[in-house]
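Fold and geometry: a report
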Amino acid sequence: MRADARTMVPFCVFCVFLSLQAAVSAVWTVENYPNPQKDLQSCGRNGTRSWICDPNGFLPDSEQNIVEGLLKKIALAKESYSKSPCPSEKIPGFQVAVAIMNETVLDPNIDSKAAATKFAKDLLNKWGVGHSECNDGVLVAMMIENRKIAIATGAGARHLHTRKIIAEMKPYLRTNQYEAAIKRGVYDIGDDLSTKTHNAKFIDFIIPGAFMALVAACMCGSCVRSRRGTNAKEKIEMLKQAEQAVRSGTYEAVSCPICFDRFENPPGNHRDDTSSTSSSDNGHQENLDEWGPLLFKHKNDELNETEHQRLKEKRKLPVTLQCGHSFCEPCLLDWLDHNDTCPICRQSIPNMSDSSSYPNTYSTSQQQWTASTWDPEMQFRLNRLGYLYPSYMTPGMIDMWYMDYRLGRNFEYQNHPDFKALTAAQESNLADFGSSGAAGDFGGGTADGGGGSAGEW
């Protein structure tokens with residue numbers, strides 16, 4: 001008996017080794033990709049039941065735990081995450097699953113991004129993500145060698161802005177920051193699922209030490225992320241990159257100064273390559289040509305039904321005012337409903353009631369920004385960060401970072417001790433929460449009646 005036990009140990013180790021080798025080299029299909037609720041030794045979660053599967057080991061254990069912690073908070077509707085349309089007693093929130101793989105077989109008979117979306121939907125069906133009563137599940141599939149990212153939803157989560165979330169993930173994917181891409185995607189999914197549209201109201205307020213009045217908005221849900229601070233580091237890193245571009249003379253607006261969402265088509269660029277199963281893109285200049293007249297008709301209550309629907313789309317396309325400052329359509333529309341000035345510099349927008357000036361009022365700026373001319377936007381963006389993420393951005397941090405900018409010093413936000421302590425504590429808490437595995441079992445949901453998008457990088 002003892003001899004049999006001694007021979008069985010190395011045999012079992014050898015079997016585990018073979019299974020790991022197979023996972024590393026596998027080209028995955030929906031049929032052979034492991035299920036994190038059942039194939040506990042194959043999904044890279046150390047035998048723990050999970051809502052993440054990463055059989056090729058792209059994410060370190062610590063990062064997997066952080067992502068799992070986020071998924072659990074969404075599932076349990078903790079903090080300000082919303083309950084599902086059909087909550088269960090154990091899992092009151094939305095069910096979100098993550099699948100990461102080196103390479104998968106995509107349907108060769110359809111467009112590659114449509115095939116990636118189909119793969120994500122089929123995997124959601126196989127795993128049963130979401131409550132079966134309302135199919136509120138979401139699945140994110142990252143396919144490294146295929147260079148595809150896809151998000152599928154059931155009918156109960158169809159309102160998720162999958163296309164926009166993918167656009168936010170792609171900058172990280174292009175630099176092989178897979179863990180950062182997944183975290184950003186899950187953060188945004190949780191926020192987007194929890195966002196409730198409400199009427200925009202703008203107020204002015206003064207930040208101590210600041211010399212200009214700013215917009216502090218409780219705006220439409222499509223523009224403002226929750227104030228939990230989950231995306232603070234990504235937003236401030238975006239601001240640092242913009243500051244470096246200004247100093248090098250290469251700055252071009254790629255995000256809205258009010259909500260910090262990336263533009264779908266930055267000024268002067270062609271549309272991005274993200275595809276959606278339910279929407280289509282227009283070129284940037286075409287959008288500007290049509291949007292100006294619609295806005296002024298809106299202000300004068302002169303819109304017909306078709307024009308009214310166009311404005312309701314509120315897409316993240318940039319609109320550049322004559323002063324050179326660019327904003328996304330939704331934020332600028334909300335602002336100009338009650339104001340006739342630029343939100344940053346307060347320069348008047350000329351001829352707001354003169355329809356002959358429409359094409360000139362909204363045009364792509366050719367302005368070359370310098371550290372001096374961009375100063376008001378830098379201060380505006382810093383103070384907006386302080387408003388959006390009060391748990392992360394203290395007035396002292398903002399004053400210090402703005403002074404560094406004015407004095408020409410490097411914008412080293414990550415060295416501020418308060419910021420380091422806050423971000424480290426947040427991720428440590430998430431990792432602890434996620435280390436024990438999934439919030440529970442998937443609820444038997446399907447992708448029926450749902451949506452989805454895919455993009456490539």
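For the structure itself, consult the block above.
What counts, and at which threshold
Residues numbered from 1 in each chain as written. Predicted model: local features only at pLDDT ≥ 70, side-chain atom pairs only at ≥ 80, totals over all residues. Heavy atoms only, no water. Helix = DSSP H or I, 4+ residues; strand = E, 2+ residues; numbered from the N terminus. Phe/Tyr/Trp six-rings, centres within 6.5 Å; stacked < 30°, edge-to-face > 60°. Lys NZ or Arg CZ within 6 Å of the ring centre and 35° of its normal. Buried < 20%, exposed > 50% of the residue type's maximum accessible area, 1.4 Å probe, protein only. Pairing = 2+ DSSP bridges. Axes fitted to C-alpha atoms, helices over the stretch in contact; angles between N-to-C directions. Parallel < 35°, antiparallel > 145°, perpendicular 65-115°, else oblique. Left-handed = near helix turned anticlockwise from the far one by under 90°. Contact = heavy atoms within 4.5 Å. Nonpolar A, V, L, I, M, F, W, Y, C, P; charged D, E, K, R; others polar. Disulfide = S-S within 2.5 Å. Right-handed = clockwise from strand over helix to strand, strands pointing away. Lys, Arg positive; Asp, Glu negative; His and termini not counted. Salt bridge = Lys/Arg side-chain N within 4 Å of Asp/Glu carboxyl O. Expected span 1.5 Å × (residues − 1). Bend = angle between axes of the 7 residues up to and from the residue.

**Here's the deal with the environment of M400**
- Relative to the helices and strands, M400 resides in helix α12 (residues 395–406).
- Between the C-alpha atom of M400 and that of F411, which follows or precedes it by 11 residues, the distance is 9.5 Å.

**Concerning the packing of aromatic side chains**
- With the rule as written, the count across this model stands at seven aromatic pairs.
- What links up through ring pairs into an aromatic cluster is the set W28, Y33, W51, W127 and F442.
- Its guanidinium or amino end placed over the ring of F433, K72 lies 4.6 Å from that ring's centre, counting from NZ or CZ.

**A few points about the pairing of strand β10 (residues 452–456)**
- Buried residues dominate β10, accounting for four of its five residues.
- As judged from the five bridges shared by strand β4 (residues 148–153) and β10, these two strands associate in the antiparallel manner. From the neighbouring strand, I149 faces β10, where its bridge partner is G455.

**What to know about the packing of helix α6 (residues 232–248) against α12**
- Here α6 crosses α12 at 15°, and the two axes come no closer than 12 Å. Classed by the angle they form, the pair α6 and α12 counts as roughly parallel. Judged by the twist between their axes, the crossing of α6 over α12 is right-handed. Residues I236, E243, V246 and R247 of α6 lie in contact with α12, whose contacting residues are W401, D404 and Y405.
- For the contact of α6 with α12, a count of residues per class yields four nonpolar, no polar and three charged.

**Points about the state of the cysteines**
- For the coordinates displayed, the defined rule picks out two disulfides.
- Each disulfide pairs two cysteine sulfurs, and for C43 the partner residue is C53, the sulfurs being separated by 2.1 Å. Handedness here is read from the sign of the S-S torsion; for C43 and C53, about -85°, the answer is left-handed. Taken as a pair, C43 in the loop between α1 (2–25) and β1 (52–53) and C53 in strand β1 lie far apart in primary sequence, 10 residues in all. The exposure classification of C43 matches that of C53, with both residues buried.
- Note on cysteine connectivity: C86 is disulfide-linked to C134, with sulfurs 2.0 Å apart.

**A closer look at the pairing of strand β2 (residues 96–101)**
- Counted residue by residue, β2 has six buried out of six residues, so it is predominantly covered.
- Alternating positions in β2 separate into two faces, V96, V98 and I100 on one and A97, A99 and M101 on the other, with burial throughout.
- Bridge count for β1 against β2 is two bridges, and the pairing is parallel. From the neighbouring strand, I52 faces β2, where its bridge partner is V98.
- Chirality of the crossover, the property in question, places the unit of β1, helix α2 (residues 61–75) and β2 among those that are left-handed.
- Relative to strand β3 (residues 138–143), β2 runs parallel, the two being bridged by six bridges. Residue pairing across strands places M101 opposite M143, the latter belonging to β3.
- On the question of chirality, the crossover connecting β2 to the parallel β3 by way of helix α3 (residues 112–127) is right-handed.

**Some thoughts on the side chain of K72**
- Checked against the element boundaries, K72 lands in helix α2.
- No salt bridge is formed by the buried K72. Its closest oppositely charged neighbour is E68, at 7.1 Å.
- Ignoring any residue separated from it by four or fewer positions in sequence, one finds K72 in contact with F433, G434, S436, G437, A438 and A439.

**Comments concerning helix α4 (residues 162–174)**
- If you check α4, its first and last C-alpha atoms are 18 Å apart, about what 13 residues at 1.5 Å a residue would give, namely 18 Å.
- Of all the bends found along α4, the most pronounced is centred on E168 and spans about 30°, while P171, a proline, follows it within four residues.
- Among the 13 residues that make up α4, 10 are buried, leaving the element largely enclosed by the rest of the structure.
- What α4 keeps buried is the set T162, R163, K164, I165, I166, E168, M169, K170, Y172 and L173.
- Downstream of α4 by one or two residues, N176 has phi in the positive range, about 60°.

**Comments concerning the packing of α2 against helix α5 (residues 178–194)**
- Contact geometry for α2 and α5: axes closest at 10 Å, N-to-C directions at 5°. Classified by the angle their axes make, α2 and α5 are roughly parallel. When α2 is examined against α5, the residues E63, I66, V67, L70, L71 and I74 are found in contact with a partner set consisting of E179, I182, K183, V186, Y187 and G190.
- Among the residues forming the contact of α2 with α5, the class breakdown is eight nonpolar, one polar and three charged.

**Quick word on the pattern of salt bridges**
- Taken as a whole and assessed by the stated rule, the structure comprises 15 salt bridges.
- K164 is the partner of D261 in a salt bridge, and the nearest nitrogen-oxygen pair spans 3.9 Å. Of the two residues, D261 sits in the loop between α6 and β7 (275–276) while K164 sits in helix α4, which places them 97 residues apart along the sequence.
- For the salt bridge of E243 with R247, the shortest nitrogen-to-oxygen distance reads 2.7 Å. Residue E243 and its partner R247 are both found in helix α6; the two are separated by four residues, about one turn of the helix.
- Judged by its relative accessible area of 3%, E243 is buried.
- Beyond isolated ion pairs, a larger network of salt bridges with shared partners links E168, R184, D188 and R262.

**As for α6**
- For α6, built from 17 residues, the straight-helix expectation of 24 Å at 1.5 Å per residue is met to within 8% by its first-to-last C-alpha distance of 25 Å.
- Listed as buried for α6 are A232, E234, K235, I236, M238, L239, K240, A242, E243, A245 and V246.
- Where α6 ends, the next residue or the one after it, G249, has phi of about 75°, a positive value.

Keep in mind that these numbers describe shape and distance, not what the molecule does.
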